[in-house]
Amino acid sequence: MATQPDNYYDIVIVGAGPVGLMLSTCLSRWGYKIKHIDNRPEPTATGRADGIQPRSLDLLRNMGLKSAIMAHKPARVYEVAFWDPPKTGGGIVRTGTWPSCPDFIDARYPFTTLLHQGLIERVFIADLEKNGTQIQRPWTITGFTSDEKADPEYPVTVQLAHVDDSSKTETVKAKYLFGGEGARSFIRDQLKIGITHKDPISYVWGVMDGVVKTDFPDMKMKCTIHSEHGSIMVIPREDNMVRLYIQIASSTDPDFHPRKTATEEEVQAHAKRILAPYSIEWERVEWYSVYPIGQGISDKYTLDHRVFLGGDACHTHSPKAGQGMNTAFLDALNLAWKIHAVEGGLAERHILETYEPERKDVAETLLAFDNKYAKLFSQRPDAASTAQATASGTHVNPDAKQSAEENEFIKTFKESCEFTSGYGVFYKPNALNYSPAHPAASAPATAENTKLVPGRLFINSTVTRVVDANVVHLEQEIPLNGAFRLFIFAGSVSSAAQQSALKSLAAGLAKPDSFYSRFQRKDIASVSHHERHNPHSKFFTLATVFAAKRTEVEISRDLPELLARYRDNVYADDRWDRRVPDAKAAAHAKMGFDQEKGGVVVVRPDGYVGFVCKLDEGDKTVEALEKYFGAFLKQ
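Since the structure is predicted, the reported quantities are computational estimates derived from the model, not experimental observations.

The rules behind each value
- Residues numbered from 1 in each chain as written.
- Predicted model: local features only at pLDDT ≥ 70, side-chain atom pairs only at ≥ 80, totals over all residues.
- Heavy atoms only, no water.
- Helix = DSSP H or I, 4+ residues; strand = E, 2+ residues; numbered from the N terminus.
- Rg over C-alpha atoms; globule rule 2.2 N^0.38 Å.
- Buried < 20%, exposed > 50% of the residue type's maximum accessible area, 1.4 Å probe, protein only.
- Contact = heavy atoms within 4.5 Å.
- UniProt positions renumbered as here; feature names shortened; annotations may be inferred.
- Polar contact = N/O pair within 3.5 Å; in protein donor to acceptor, adjacent residues only side chain to side chain.
- Expected span 1.5 Å × (residues − 1).
- Arc of directions from axis to C-beta.
- Salt bridge = Lys/Arg side-chain N within 4 Å of Asp/Glu carboxyl O.
- Pairing = 2+ DSSP bridges.
- Axes fitted to C-alpha atoms, helices over the stretch in contact; angles between N-to-C directions.
- Phe/Tyr/Trp six-rings, centres within 6.5 Å; stacked < 30°, edge-to-face > 60°.
- Lys NZ or Arg CZ within 6 Å of the ring centre and 35° of its normal.
- 1 Å grid on protein atoms, 1.4 Å probe; cavity = no way out; pocket = protein on both sides within 12 Å on 5 of 7 lines; lining within 4 Å.
- Points joined across faces, edges and corners; volume = space filled by probe spheres on them.
- Nonpolar A, V, L, I, M, F, W, Y, C, P; charged D, E, K, R; others polar.
- Core = buried A, V, L, I, M, F, W, Y, C linked by side-chain atoms within 4.5 Å.
- Parallel < 35°, antiparallel > 145°, perpendicular 65-115°, else oblique.

(A) Spotlight on the overall build of the protein chain. Counting secondary structure elements, the protein chain contains 15 helices and 27 strands. Taken over the C-alpha trace, the protein chain has a radius of gyration of 26 Å; the compact-globule value for 635 residues is 26 Å, and the two agree within 12%. Considering only C-alpha atoms, the protein chain reaches an extent of 75 × 70 × 40 Å along its principal axes. Across the 635 residues that make up the protein chain, the buried fraction comes to 60%. Taking contacts inside the protein chain between residues at least 6 apart in sequence as the whole, the part at least 24 apart equals 72%.

(B) Main features of the side chain of H317. Of note, H317 is situated in the loop between β20 (315–316) and α7 (324–343). Not counting the four nearest positions on each side in its chain, H317 is found in contact with I293, G294, Q295, Q323, G324, L366, L367 and D370.

(C) Expanded view of the UniProt feature "domain: Phenol hydroxylase-like C-terminal dimerisation" (unreviewed entry) in the protein chain. In this structure's numbering, the residues bearing the UniProt feature "domain: Phenol hydroxylase-like C-terminal dimerisation" (unreviewed entry) are residues 425–634. Taken end to end, residues 425–634 is 19% helix and 17% strand, and its first and last C-alpha atoms sit 28 Å apart.

(D) Structural view of the side chain of R237. Along the polypeptide, R237 turns up in the loop between β15 (230–236) and β16 (242–250). The class for R237 is buried, based on a relative accessible area of 5%. Of the polar contacts made by the side chain of R237, one reaches the side chain of E238; its length is 2.9 Å. When neighbours within four sequence positions are excluded, R237 is seen to be in contact with D50, A75, L114, L115, H116, D209, V242 and R243.

(E) Layout of helix α6 (residues 264–275). Between its first and last C-alpha, α6 extends 17 Å over 12 residues, near the 16 Å set by a 1.5 Å rise per residue. All buried positions along α6 are accounted for by V267, Q268, H270, A271, I274 and L275. The buried residues of α6 occupy an angular sector of 155 degrees when the element is viewed end-on, so they sit on one face.

(F) Spotlight on the pattern of salt bridges. Here the structure, examined in full by the defined rule, presents 35 salt bridges. Between K300 and E356 there is a salt bridge, with the nearest N and O atoms lying 3.4 Å from each other. Within this pair, whereas K300 is found in the loop between β18 (296–298) and β19 (307–309), its partner E356 is found in helix α8 (residues 355–378), the two being separated by 56 residues in sequence. For E408, the salt bridge identified is with K372, shortest N-O distance 3.8 Å.

(G) Region of the structure containing the sheet that holds strand β22 (residues 471–473). Read across the sheet, seven strands follow the order β22-β21-β25-β24-β23-β26-β27 without closing on themselves; strand pairing throughout is mixed. At either margin of the open sheet sits one strand with a lone partner, and together these are β22 and β27 (609–613). Ignoring strand direction, the axes of neighbouring strands in this sheet form an average angle of 30 degrees. Of the strand pairs in this sheet, strand β23 (residues 484–491) and strand β26 (residues 599–603) are connected by five bridges, and their pairing is antiparallel. From the neighbouring strand, R485 faces β26, where its bridge partner is V603.

(H) Representation of the packing of aromatic side chains in the model. Counting across every chain of the model gives 26 aromatic pairs. Taking 4.7 Å as the distance between ring centres and 45 degrees as the angle between the ring planes, the aromatic pair formed by Y427 and Y608 counts as tilted. Placement of the pair is Y427 in the loop between α10 (417–421) and β21 (462–465) and Y608 in the loop between β26 and β27, with a sequence separation of 181 residues. One exposure class covers both Y427 and Y608, and it is buried. The interplanar angle of 5 degrees and the centroid separation of 5.3 Å between the aromatic rings of F611 and Y628 together place this pair among those described as stacked. Of this pair, F611 sits in strand β27 while Y628 sits in helix α15 (residues 620–630), placing them 17 residues apart in sequence. Above the ring of Y176, the side-chain terminus of R306 is found at 5.3 Å from the ring centroid.

(I) Looking closely at empty space enclosed by the protein. This model, assessed by the stated rule, comprises four cavities of 30 Å³ or more. For the largest cavity, the lining is made up of 15 residues, of which Q323, N326, L330, G422 and V425 are closest to its centre. Looking at the lining of the largest cavity, the elements with two or more residues in it are α2 (54–62), α7, α8 and α10. Here the residues of the lining of the largest cavity are counted per class, giving five nonpolar, eight polar and two charged.

(J) A look at the nonpolar core. Ranked by internal contacts, the top residues of the largest apolar core, which has 154 residues, are L177, F540, L542 and F629. Not counting the four nearest positions on each side in its chain, L542 is found in contact with L486, I488, L509, Y516, L562, L563, Y566 and N569.

(K) Representation of the layout of surface pockets. Here the second largest pocket is characterised by a volume of approximately 610 Å³. Lining of the second largest pocket is provided by 28 residues; of these, Y423, L457, F458, I459 and N460 occupy positions nearest its centre. At the level of secondary structure, the elements contributing two or more residues to the lining of the second largest pocket comprise α2 and β23. The dominant element in the lining of the second largest pocket, judged by the number of residues it contributes, is α2, at four residues.

(L) Summary view of the packing of helix α11 (residues 496–510) against α15. Packing of α11 against α15 leaves a shortest axis separation of 8 Å and a crossing angle of 45 degrees. What the angle tells us is that α11 and α15 run oblique. Each of S504, L505, G508 and L509 in α11 lies in contact with α15, whose residues at this interface are T621, V622 and L625. Split into classes, the residues belonging to the contact of α11 with α15 amount to four nonpolar, three polar and no charged.

This is the structure:
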């Protein structure tokens, strides 16, 4: 292919907040040429988003970025304390506490990580620079067109200008344009895509990051405080700081104005009233802002699958459940691997049509939860409903006017824990997520009775890596490399039937016209002996798990050559797991596989299960996999 002029790019990304940075980081690592601009002269200096949820921490670890983030010593929230007025007199008392990520969620990191957005942005920027992508600042987008008829390969033309010097301009051509430039998105406005506002009630909040001196006992915990004088949310932060969200006004107030402001001193005075009888003084204030919260969702995320929107350009909501940055990360990840699959020649263009329904559905769920949460949070305590809620695991204070058992706000918080942790996010059936309507449903080897659900995350499990006896987290063993992950749960290592099934699978994959062999690397002859994840293809990584002790597995004896090539991804399922205490092969049991017979799991590049089938002798397993992949791979 002829080399393109310098002003031709694979994608132009506008905005270097969490959504733009995640998209840029993925695509830079996978070798794409990116023009990435931001209208701010520097990354976020203070304030803005700060909460990384448990599932997002898994993702950052899978990208190799977690340790750089944790090096900043962020605060970790394991528990949330609820404070309400007492039965007698004014003030506040602790009503109860509840885990931030309860035990029923099988999380590696059962806490929320709190660190200001600017430090998180810088971790991504350092990774981008390693991969040759610079963010051009302060530049802005001034116009664009998208026309596939005029130029099928680079249909998007984008006009850019320097923010402080309008004589400096650029016109570039691109295959895609991404708008991650926030709630006041220029790209969305130009496309004339509307925003549907979910709830007419809006609130004005003050938010303040600083170091405080206080006798309030739970200042190092996440707290929700309801008093006769209003509501506060307490969020502990790095460097002894704390963030306070303080309600200033509601559109139900008689004198409400959405542009209502308050000085730093007024916000502090408000906080002192709400926290009484406890005292609070500020040693220093790092950042403070007053802002209105309305809830909106973009009517479309794209019109032509060339120009896309993500993050705050698509959905706005309150920041108090710590969902904004986490939702933005997953918007970007969902789009990144699909663009990679299309542009890398693996998948048909129609997989890009799954971005909007998958991610918009999640945003709708988030807004429904946030709407209820923000309303209950902002109500005076007496207005809260007294519906029953389970209080198991909650410490209850008998002096509280309204106990934890009868507080609708706490009930809502508990019910939504799985969703807010990130583990409850799921995608509905489509070409990528198997259902009985999928073409693969006719395959005899399609698995029943498994605990794995297509469209939901792959289940966490701990296994022993055979080559070096390291105890590892299976879901983390294959990094975010843009490839589909095929986990072969091989069952019994000593069974002749299982040996035969593995040989049949390898023989089927090795056929030149199989889904696996058709996308073989062009440079396969020069691939290093130490290439662990992608020795055959950039788009598939294989891993095999035997229901056996590590000492019983001999890779060259027990695996056919094709599977043995992934020798660093061969595991023994021999670690005890408290969630399946009686299982001899805990990973097989957690997935719902028979420990003799096993099964095969296709995990999408973003960690969500796509398809599950049996591991059978003969051609049935490969046939089922062919039917699944046949729904979207290029023929």
